[in-house]
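Here is what each chain is made of, one letter per residue.
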Amino acid sequence: MGRRCNAIPCWSVLATIATVGGTLMFCTLIDKGVHGFLYQLGAFSKTASDISIHWEITAIGILTTFFALLFLIIGMRSTFVTEAEPKFDDRCSAVDGCVHPAMMYLATLLVYGAVMVWIALLCCAVSIAVLYAVFMFVMTAFCATVDNKCFDLSVLLPAIVSYASNNKVDLTFCKDKKDAICLRENNQIWVFIGTILCGIVALVGLIHFLMCFSANLARIRLMRRARRGEHIAMNQGTVDSNSFIMTNMDK
């Protein structure tokens with residue numbers, strides 16, 4: 001006997017768990033990392049510490065979780081149709097009508113768009129992580145060379161003095177700024193590394209759905225073409241039989 005129609009595609013379930021879990025961890029870590037980075041920049045400018053992207057990150061997490069669950073439902077339905085044998089389980093025939101190629105086209109485009117969005121998010125996370133790593137490398141090296149006395153950074157960075165004066169940036173580097181930036185507790189580099197890893201996990205889950213939908217779409221189209229061919233052959237056979245009967249009756 002063929003596979004049962006109610007079999008659960010385990011890989012799709014794992015992909016959903018990876019996508020949802022990776023997304024939640026990504027959003028949590030990127031929010032923490034960016035907040036910590038802005039806190040360190042706030043040592044020089046209060047404007048930086050006032051920036052917040054919490055709600056944008058929350059929206060990304062909610063939308064991705066919703067779409068991951070939606071992809072799981074669509075993936076289960078399409079897998080039921082392509083892997084089950086209707087002649088052994090009549091319930092599969094009812095499911096077959098629910099999975100139309102047009103719906104699978106739309107779902108495939110939707111998951112493709114989600115993959116593109118997450119690639120962009122991952123690139124942004126990598127860019128922020130690289131920028132933060134450079135910032136921390138420079139500031140850590142600078143902190144190691146100065147003592148607890150105040151130091152005027154405008155001496156080393158005359159090119160940004162005019163910009164700093166126009167944007168209320170304090171370039172006087174004292175102990176409070178040194179503690180805010182250079183303390184190990186405030187280092188967010190591992191947070192950004194974890195963010196990138198979680199983003200990769202979520203992206204892999206979405207790529208699984210993209211591959212699954214593409215394969216199931218191709219199978220569903222082949223199944224519908226095969227059934228259409230069978231119906232045409234059956235109708236042709238009926239016409240031939242009727243013609244044979246009418247011919248014999250005429251004789």
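Residues numbered from 1 in each chain as written. Predicted model: local features only at pLDDT ≥ 70, side-chain atom pairs only at ≥ 80, totals over all residues. Heavy atoms only, no water.

Right, let's talk about the packing of aromatic side chains for a bit. Where two aromatic rings form a pair, the distance of their centres and the angle of their planes describe that pair. By the definition in use, this model includes 10 aromatic pairs. Pairing Phe 67 with Phe 71 gives two aromatic rings, centres 6.1 Å apart and planes at 25°, and the pair type is stacked. Of this pair, Phe 67 and Phe 71 both sit in helix 3 (residues 54-83), 4 residues apart, which is roughly one turn of that helix. Taken together, a centroid distance of 5.9 Å and an interplanar angle of 85° make the contact between Phe 71 and Phe 213 edge-to-face. In this pair, Phe 71 sits in helix 3 while Phe 213 sits in helix 8 (residues 189-250), placing the two residues 142 residues apart along the sequence. Taken as a pair, Phe 71 and Phe 213 share a single burial class, namely buried. Of the aromatic side chains, those joined through ring pairs into one cluster are Phe 66, Phe 67, Phe 71, Phe 209 and Phe 213. (Phe/Tyr/Trp six-rings, centres within 6.5 Å; stacked < 30°, edge-to-face > 60°. Helix = DSSP H or I, 4+ residues; strand = E, 2+ residues; numbered from the N terminus. Buried < 20%, exposed > 50% of the residue type's maximum accessible area, 1.4 Å probe, protein only.)

Time to look at the UniProt feature "transmembrane region" (unreviewed entry) in the chain. According to UniProt, the positions carrying the feature "transmembrane region" (unreviewed entry) are residues 12-31, 51-74, 109-135 and 189-218. Split by type, residues 109-135 is 100% helix and 0% strand. Its first and last C-alpha atoms lie 39 Å apart. As a span, residues 189-218 carries 100% helix and 0% strand, and end to end its C-alpha atoms are 44 Å apart. (UniProt positions renumbered as here; feature names shortened; annotations may be inferred.)

Taken together, the side chains of Val 126, Val 130, Val 134, Phe 137 and Val 138 make up a nonpolar region of the molecular surface, amounting to roughly 460 Å² of accessible area. Positionally, Val 130 belongs in helix 5 (residues 101-145). (Patch = residues over 30% accessible without salt bridge, like charges linked within 9 Å, V, L, I, M, F, W, Y side chains within 5 Å. Areas by Shrake-Rupley, 256 points an atom, 1.4 Å probe, with all protein chains shown as cover. Salt bridge = Lys/Arg side-chain N within 4 Å of Asp/Glu carboxyl O.)

Once that is clear, we can look at the packing of helix 1 (residues 10-41) against helix 5. When two helices pack together, you describe them by how their axes are tilted relative to each other and by the distance separating the axes. Contact geometry of helix 1 with helix 5 gives a least axis separation of 12 Å together with a crossing angle of 35°. In terms of crossing hand, the pair formed by helix 1 and helix 5 is left-handed. Across the interface between the two elements, Thr 23, Phe 26, Ile 30, Val 34, Phe 37, Gln 40 and Leu 41 from helix 1 touch Trp 118, Leu 121, Ala 125, Ile 128, Leu 131, Tyr 132, Phe 135 and Met 136 from helix 5. Looking at side-chain class alone, the contact of helix 1 with helix 5 contains 13 nonpolar, 2 polar and no charged residues. (Axes fitted to C-alpha atoms, helices over the stretch in contact; angles between N-to-C directions. Left-handed = near helix turned anticlockwise from the far one by under 90°. Contact = heavy atoms within 4.5 Å. Nonpolar A, V, L, I, M, F, W, Y, C, P; charged D, E, K, R; others polar.)

Take the nonpolar core next. Within soluble globular proteins, side chains that are nonpolar generally end up buried alongside one another. With 41 residues, the main nonpolar core has Phe 26 and Phe 213 as its most contacted residues. Those elements giving two or more residues to this core turn out to be helix 1, helix 3, helix 5 and helix 8. Setting aside residues no more than four positions away along its own chain, Phe 213 makes contact with Phe 71, Ile 74, Gly 75, Met 104, Ala 107, Thr 108 and Val 111. (Core = buried A, V, L, I, M, F, W, Y, C linked by side-chain atoms within 4.5 Å.)

A few words on the side chain of Thr 16. Residue position: Thr 16 is located in helix 1. According to the relative accessible area criterion, Thr 16 is buried, its value standing at 5%. In contact with Thr 16, other than residues within four places in its own chain, are Ala 68, Leu 69, Leu 72 and Phe 209.

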